[in-house]
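# Summary of structural features
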Amino acid sequence: MWEALREAVDEEMERDPTVCLFGEDVGHYGGSYKVSYDLYKKYGDMRLLDTPICENAFMGMGIGAAMTGLRPIVEGMNMGFLLLAYNQISNNAGMLHYTSGGQYKVPLVIRGPGGVGRQLGAEHSQRLESYFQSIPGVQLVACSTVANAKALLKSAIRSDNPIIFFEHVLLYNIKGDTQEGHCQSLERAEIARPGSDVTILCYSRMRYVVLQACQQLEKEGYNPEVVDLISLKPFDMETIAKSVRKTRHVIIVEECMRTGGIGASLSAIINETLFDDLDHQVVRLSSQDVPTAYAYELEAATIVQPEQVVDAVKRVAGSARQLVAA
Amino acid sequence: MALANASRRLAQSLLRPLGSAQSPLGALGLQQRGIAEPAAAEDTSLTVEVRPFSAHRIEPPSTTVTTDRAELLKFFTSMYRMRRMEIAADMLYKAKFIRGFCHLYDGQEAILEGIEAALEYTDSIITSYRDHCTHLGRGGTVVEVMAELMGRVDGAAKGMGGSMHMYKKEHNFYGGQGIVGAQIPVGAGLAFAHKYREDGGVALTMYGDGAANQGQKYEALNIAALWDLPCIFIIENNHYGMGTAEWRGSKSSSFYTRGDYTPGLKVDGMDVLAVKQAMTFAKQYAQKNGPILMEMDTYRYHGHSMSDPGSTYRTRDEISQIRQLRDPVEHVRKLLTDNNLASTSELKAIEKDVKKEIDAAVDKAKNSPIPPDEALWKNIYKDTLGGKMKGLDSSVKIQL
């Protein structure tokens, strides 16, 4: 996936001279996840800016530059570090267009890896989408495949809204194809697997966890519809509602914490707007409300695993299933 | 009883006496103010000696400043307008037309006036919540400020921002800011954009002595110095961070030296000519070399905001002494009248006109409509998302 993201950045920087990238080690080092590998050789130090370690300041600078009409991409080496920049993101990125009466726009992309990795420890395994979701005026987008990573990042760079673009630390090395020049809508969910029994709403790496569970579920005669949310703020309720009305069962599978997570908001909205279309309460599978432990087994127990998705589907959609004839 | 006495004694000891090293009066030595020399009879120009600048890692500019009647009249009118506008805001706040936070700038007018005399609208400015006069300085109108303070549609931000959020995009005024110091990195970003575009402009990032202790200021200074950004860091040192005197909040009050490798100047912020001289110098420096720190020694007559009487942490004597000895508007008046460049009656006429102008602006602002209901949902996003969002009541759907 890192190559796809790099292609997106490269293509957009070539196309539009106002696009630049701020971040720690994005230039000469090549980017800690190689997303900006060697781009400084092509675009120079003025467009690939190696910042000192000061998230608050370089986020503010990115916002100031965006207010003047440049299109900066600000990279958090890990999304968790952007907590230091929270004030800038909330007040200056999110709210500025509104509080200035529409005078200033903030065409900023804030991107970086988040999520639980391989024993990176609690502070490097944070899921910031749940912290950012209440900020008015920002859009939250989570990419999940090689194809949508490139297409979404291109759209995000072209958008005039401040976009917080979530990548996942364990997805950088997945392989796949991209579509030439394709820009994908930032507000649309993707159907990762069409189905009919149960709607499983997920995003980012959980897409793969769910699809892995589906391999098991298919053998047992289930036909889940997997909807990859893509847009975490705002939710694509059109796609979600269409799926829910079809299956009448919803499971949300997310990596962020149970408390105040994306699933909490989504569950509430589904209850409020699609109550009569449900045959079962909305089930939420989220990470435990604990800091991510270092020990391998405990880390695995913190996040949702495919077996739990299988169990949840069986609970929700019923256990009596006819095996599909070969 | 003993405890009450002890705390009263403690409170008294925290208010430093006038004229001590840390007081706003003591620092610069009152005897050195301008020796004004008018030129020949028909000539309306004037040469003035301003107070010497304190300099850190740089040769300060000359203290000899030339001005003329036209410029001084412009300064007088503009600063008087700022003064009367802030006084009107005070009265409107007490009459509950203005609510929430309201931070007034009276006493500090010379800073903005001197800045705008040295800069163009193609240069960028961002400042703190004490931004009503900054809006005027950037070519905004009193109506825009008053209407914004009253939350009306004709306000600088259409009533959506309030006192701390005045903006004027056409003249590169990037606003006030609610959170202390958060504007500093944004200002460095504005300077970055000037450098990126190679347009020769400079960016001013303005903040107070309270904000000068924010970490993000040092982060921004480091980047600005590292990348040679045309950024002028301006500390409006009015000696009090809300209720905390500068000597109680900062280990070092020599703010102009705290940029370390970044050169700095300390300027008499109550003297518009000194500010203009220093800012002209700073702009040239920043365009060529990179960041510079400008400490403006100033004073605010009002408290921190309208909810602060401003007298629990400083003495009324201090305030009135500064008004008598260092008032920026009076200084310009004296330069004009002492040097026969304008008569007292001429200046009185200007004052009368400005007062009428402010009254008219307040009336116009009072009659400006309140924002319509739809304004609640407008401008959340710049690129509309093509969808509808449910409001508080699910029967309400808003176009996003």
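Keep in mind that what you see is a predicted model, and the values were worked out from it rather than measured. Throughout, a residue's number is its position along its own chain's written sequence, starting from 1. Lettering for chains starts from A, numbering for ligands starts from 1, and both go in the order in which the items are written. This being a predicted model, a pLDDT of at least 70 is required before a residue's local features are given, and a value of 80 or more before pairs of side-chain atoms are given or counted; all residues contribute to the totals for chains, interfaces and linings. Water and hydrogen atoms play no part in the side-chain values, which are based on all heavy atoms of the structure.

Our focus in this paragraph is the pattern of salt bridges. All names here are of chain B. One speaks of a salt bridge when a side-chain nitrogen belonging to Lys or Arg is within 4 Å of a carboxyl oxygen belonging to Asp or Glu. As enumerated under the stated definition, the model contains 41 salt bridges over all chains in all. Among the ionic pairs, D260 bridges to R57, the shortest N-O distance being 3.9 Å. With D260 in the loop between α8 (246-249) and β10 (264-268) and R57 in the loop between β3 (54-56) and β4 (64-68), this residue pair connects regions lying 203 residues apart in the sequence. What makes R57 exposed here is its relative accessible area of 60%. Secondary structure elements are defined from DSSP: runs of H or I of at least 4 residues count as helices, runs of E of at least 2 residues count as strands, and each element is numbered from the N terminus. In this scheme, a residue with accessible area under 20% of its type's maximum is buried, one over 50% is exposed, and one in between is partly exposed, where area comes from a 1.4 Å probe on protein chains only.

What follows is about the sheet that holds strand β1 (residues 19-23) of chain A. Paired through their backbone hydrogen bonds, the strands of a sheet run either parallel or antiparallel. Residues and elements named next belong to chain A. We treat two strands as partners when DSSP finds at least two bridges between them. Taken in spatial order, the 7 strands of this open sheet run β2-β1-β3-β4-β6-β5-β10, and their pairing is mixed. Each of the sheet's edge strands pairs with one partner strand only, and the pair in question is β2 (48-50) and β10 (231-233). With direction set aside, neighbouring strand axes in the sheet form an average angle of 20°. Inspection of the sheet shows strand β5 (residues 139-142) paired to β10 by 2 bridges, in the antiparallel sense. When the bridges of β10 are listed, L140 appears paired with K233. Note on geometry: axes are lines fitted to C-alpha atoms, helical ones only across the stretch in contact, with angles between N-to-C directions running from 0 to 180 degrees.

Let's shift gears to the interface of chain B and chain A. Listed per partner, the contact involves 44 residues of chain B and 48 residues of chain A. Buried area is calculated as the accessible area (1.4 Å probe) missing from two parts once they are joined, with the contributions of both summed. Between chain B and chain A, roughly 3800 Å² of surface is buried when both sides are summed, and carbon and sulfur atoms account for 63% of that area. In terms of surface lost to chain A, no three residues of chain B exceed Y196(B), Y381(B) and K382(B), which account for 17% of the buried area on that side. Connecting chain B to chain A are 0 salt bridges. A 3.5 Å cut-off defines polar contacts: any pair of N or O atoms within that distance qualifies, except that in protein one atom must be a possible hydrogen donor and the other a possible acceptor, and neighbouring residues in sequence count only when both atoms are side-chain atoms. Applying the counting criterion to the chain B and chain A interface returns 22 residue pairs in polar contact (both at pLDDT 80 or more). Going through the elements one at a time, α6 (183-197) and α7 (215-226) of chain B are the ones with two or more residues in the side of chain B that touches chain A. Ranked by residue count, the leading element in the side of chain B that touches chain A is α6(B), at 10 residues. Split into classes, the residues belonging to the side of chain B that touches chain A amount to 25 nonpolar, 8 polar and 11 charged. Contact definition: two residues touch when any of their heavy atoms are within 4.5 Å. Residue polarity follows a fixed list, in which Ala, Val, Leu, Ile, Met, Phe, Trp, Tyr, Cys and Pro are nonpolar, Asp, Glu, Lys and Arg are charged, and the others, Gly among them, are polar.

In the cavity and pocket records, a cavity denotes points on a 1 Å grid over the protein atoms alone where a 1.4 Å probe fits but cannot get out, a pocket denotes an open set with protein on both sides within 12 Å along at least 5 of 7 lines, and lining residues are residues with an atom within 4 Å of a point. Grid points are joined across faces, edges and corners, and a volume is the space filled by probe spheres set on the points. In this structure the tally under the stated criterion is 3 cavities of 30 Å³ or more. Considering the residues around the largest cavity, the lining is formed by G114(A), G115(A), R127(A), E129(A), A142(A), F166(A), E167(A), H168(A), Y203(A), S204(A) and E255(A). In terms of residues, the lining of the largest cavity owes the most to one element, strand β6 (residues 163-168) of chain A, which gives 3 residues. A breakdown of the residues in the lining of the largest cavity according to their chemical character gives 3 nonpolar, 4 polar and 4 charged. In this model, the second largest cavity occupies a volume close to 40 Å³. Taken together, A93(A), G94(A), H97(A), V106(A), G137(A), D160(A), N161(A), P162(A), I380(B), Y381(B) and K382(B) make up the full set of residues lining the second largest cavity. Its residues assigned to classes, the lining of the second largest cavity comprises 5 nonpolar, 4 polar and 2 charged.

This part covers helix α8 (residues 206-219) of chain A. All names here are of chain A. To estimate the expected span of a helix, subtract one from its residue number and multiply by 1.5 Å. Spanning 14 residues, α8 covers 20 Å between terminal C-alpha atoms, matching the ideal 20 Å at 1.5 Å per step. Taken together, the buried positions of α8 are M206, R207, V209, V210, A213, C214 and L217. With its buried residues spanning 155° around the axis, α8 presents them on a single face. Residues of α8 that are exposed and angled more than 90 degrees away from the buried face: Q215 and K219. Buried residues along α8 sit in contact with α7 (146-158), β7 (190-193), β8 (199-202), β9 (225-228), β11 (250-257) and α12 (306-317). Once α8 ends, the next one or two residues include G221, with phi positive near 90°. Think of it as the arc spanned by the lines of direction from the helix axis to the C-beta atoms.

A few words on the UniProt feature "domain: Transketolase-like pyrimidine-binding" (unreviewed entry) in chain A. The UniProt entry lists residues 1-174 of chain A under the feature "domain: Transketolase-like pyrimidine-binding" (unreviewed entry), expressed in the numbering used here. Between the end C-alpha atoms of residues 1-174 of chain A there is a gap of 6 Å, over a span that is 36% helix and 17% strand. UniProt positions are given in the numbering used here, feature names are shortened, and annotations may be inferred rather than shown by experiment.

All names here are of chain A. Burial of β11 is extensive: 7 of the 8 residues sit out of reach of the surface. Across 4 bridges, β8 lies against β11 in parallel orientation. Its bridge partner being in β11, C202 is matched across the sheet by V253. Inspection of the sheet shows β11 paired to strand β12 (residues 283-287) by 4 bridges, in the parallel sense. When the bridges of β12 are listed, V253 appears paired with L285.

Below, the discussion takes up the environment of P52(A). Mapped onto the elements of the fold, P52(A) is located in the loop between β2 and α3 (55-67). Overall, P52(A) belongs to the buried group, its relative accessible area being 17%. Sequence separation between P52(A) and D25(A) is 27 residues, and the spatial gap between their C-alpha atoms is 8.6 Å. Excluding residues within four positions of it along the chain, P52(A) makes contact with E24(A), F58(A), N222(B), I223(B) and L226(B).

This paragraph deals with the environment of V138(A). For V138(A), the position within the fold is in the loop between α6 (129-132) and β5. Exposure remark for V138(A): the relative accessible area of 1% places this residue in the buried category. Separated by 14 residues in sequence, V138(A) and L152(A) place their C-alpha atoms 15 Å apart. Beyond its immediate sequence surroundings of up to four residues, V138(A) is in contact with I89(A), G94(A), F132(A), P162(A), I164(A), K233(A) and Y381(B).

A few words on the pairing of strand β4 (residues 109-114) of chain A. All names here are of chain A. Buried residues dominate β4, accounting for 6 of its 6 residues. Where burial is concerned, the two faces of β4 agree: the one with V109, R111 and P113 and the one with I110, G112 and G114 are both buried. Looking at chain direction, strand β3 (residues 71-75) and β4 are connected through 3 bridges and run parallel. Bridge pairing in β4 places I73 opposite V109. Bridge count between β4 and β6: 6 bridges; the pairing is parallel. When the bridges of β6 are listed, I110 appears paired with I164.

On to the side chain of E55(A), then. Checked against the element boundaries, E55(A) lands in helix α3. The convention is simple: Lys and Arg are positive, Asp and Glu are negative, and His and the chain ends are not counted. Buried and unpaired, E55(A) has R111(A) as its nearest opposite-charge partner, separated by 13 Å. Among residues more than four places away in sequence, those in contact with E55(A) are E24(A), F81(A), L82(A), L84(A), A85(A) and E219(B).

Moving on, we come to the packing of α3(A) against helix α4 (residues 86-94) of chain A. Residue and element names in this part refer to chain A. For the pair α3 and α4, interaxial distance at closest approach is 9 Å and the crossing angle is 10°. Here α4 runs roughly parallel to α3, going by the angle between their axes. Across from N56, M59, G60 and I63 in α3, the residues of α4 making contact are Q88, I89, N92 and A93. The class makeup of the residues in the contact of α3 with α4 is 4 nonpolar, 4 polar and no charged. For classification purposes, angles smaller than 35 degrees are called roughly parallel, those larger than 145 roughly antiparallel, those between 65 and 115 roughly perpendicular, and all remaining angles oblique.

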